[in-house]
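# Notes for the structure review
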Amino acid sequence: MSAATTRSRTPRTPDRLCVEAVELARAAAEEAAFPGVVGAHVSAVAEGDRVVTHFFESKEPGYRGWRWAVTVTRASRAKNVTLDETVLLPGDDALLAPEWVPWSERLRPGDMGPGDLLPTDAEDLRLEPGWSGEDTPPPNSVVSTEMAELVEAEDADVTDRAVVPVRGSITSVAEELGMRRARVLSRYGLHTAADRWDESFGAKTPMAQAAPASCVSCGFLVAIGGSLGQAFGVCANEFSPADGRLVSLSYGCGGHSEAAVMPAPLRPAPPVLDSMASDEFTLRPAADSGSVPVSESDLPAADLGHS
């Protein structure tokens, strides 16, 4: 182990003059803080050669466990101690604010209000381009600018320029076909939305478990298009808890359109044997029943198995 390594691991000895400059450090802390919030002197820590930091308690409300740190220093062979910096630092048991979380991770469903804007990231996994390609056609296309300039320069009669547009635009074609959206839901976005909607209005909800039938056979269900229409629809029953909501086809409620005409559920027949009461059985028949002799002399001798 080298001598330099040994010296770096050896604790520094605080400079005596810097350690004794407690009043200078306190005056600097009181000047930076409000009056009466600088508490007792806690400790003095050597930061380097002739550099010492004094720590004072902070009595400022809301800063429990924080300390005023005042760093003082002096030049080599000088006896005057000067001020370096003053700062409020948290201690080991200081009350700190929670770690900052980006707004995209803090946002929850229902947080948006009137006038709020929610920008989406360009690489949002829930979205994908509505169409492929670019607005500018390929260079070898008859409608490209390069091909038009080449035909004009060579004075070639390749085609009728009057009926062929000079420049094509995929955006204009998409708008004409009703696909003016630049991005649409990706497969990941569809799956996450379906899971979220099924959790609120799906087959596993208590309302659906107690419903007489599912929404797939309800007359109040409004069908939707696209791939989601295979599993979801919109409820149009004003008395249903899902009115105007996107519901799973396996969801259901008591407002089913055919609930009044559905046959009543079968009820089990009453039990044949009554297991709630006990029947009395006599061990010996009654004397007046005619099944026993009147006198004991008429009784047959009991066969006890011995003479």
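Residues numbered from 1 in each chain as written. Predicted model: local features only at pLDDT ≥ 70, side-chain atom pairs only at ≥ 80, totals over all residues. Heavy atoms only, no water.

## What to know about helix H3 (residues 22-32)
Taken residue by residue, H3 has Ala-25, Arg-26, Ala-28 and Ala-29 as its buried positions. Taken down its axis, H3 places every buried residue within 160 degrees of arc, on the same side. In H3, the exposed positions that point more than 90 degrees away from the buried face belong to Glu-23 and Glu-31. (Buried < 20%, exposed > 50% of the residue type's maximum accessible area, 1.4 Å probe, protein only. Helix = DSSP H or I, 4+ residues; strand = E, 2+ residues; numbered from the N terminus. Arc of directions from axis to C-beta.)

## A few points about the side chain of Ser-58
Structurally, Ser-58 is set in strand S2 (residues 51-58). Each residue touching Ser-58, except ones within four places of it in the same chain, is listed here: Val-37, Tyr-63, Trp-66, Arg-67, Trp-68 and Leu-88. (Contact = heavy atoms within 4.5 Å.)

## Here we look at the sheet that holds strand S3 (residues 66-73)
What links the strands of a sheet is backbone hydrogen bonding, and the strands pair in either a parallel or an antiparallel sense. Pairing in this open sheet of 4 strands is antiparallel, and the strands run S1-S2-S3-S4 from one edge to the other. Edge strands, defined here as strands with exactly one partner in the open sheet, are strand S1 (38-48) and strand S4 (82-90). Looking at each pair of strands side by side, their axes are set apart by 20 degrees on average, direction ignored. The sheet contact formed by S3 and S4 spans 8 bridges and is antiparallel. Along S4, the bridge assignment pairs Thr-71 with Glu-85. (Pairing = 2+ DSSP bridges. Axes fitted to C-alpha atoms, helices over the stretch in contact; angles between N-to-C directions.)

## Concerning the pairing of S1
Relative to S2, S1 runs antiparallel, the two being bridged by 7 bridges. Bridged to Ala-44 within S2 is His-54. The turn linking S1 back onto S2 is made up of 2 residues, and Arg-50 within it adopts a positive phi angle of 60 degrees.

## Section: the packing of aromatic side chains
Describing an aromatic ring pair means giving the distance of the ring centres and the angle of the ring planes. On inspection of all chains with the given rule, the structure shows 3 aromatic pairs. For the ring pair Tyr-63 and Trp-66, a centre distance of 5.3 Å and an interplane angle of 85 degrees mean the geometry is edge-to-face. Judged by centre distance (5.8 Å) and plane angle (85 degrees), the rings of Trp-197 and Phe-232 are edge-to-face. Here Trp-197, found in helix H7 (residues 187-200), pairs with Phe-232, found in strand S8 (residues 232-235); they are 35 residues apart in sequence, far enough to count as distant. A relative accessible area of 6% places Phe-232 in the buried class. Sitting over the ring of Phe-55, Arg-67 keeps its end group 4.3 Å from the ring centre. (Phe/Tyr/Trp six-rings, centres within 6.5 Å; stacked < 30°, edge-to-face > 60°. Lys NZ or Arg CZ within 6 Å of the ring centre and 35° of its normal.)

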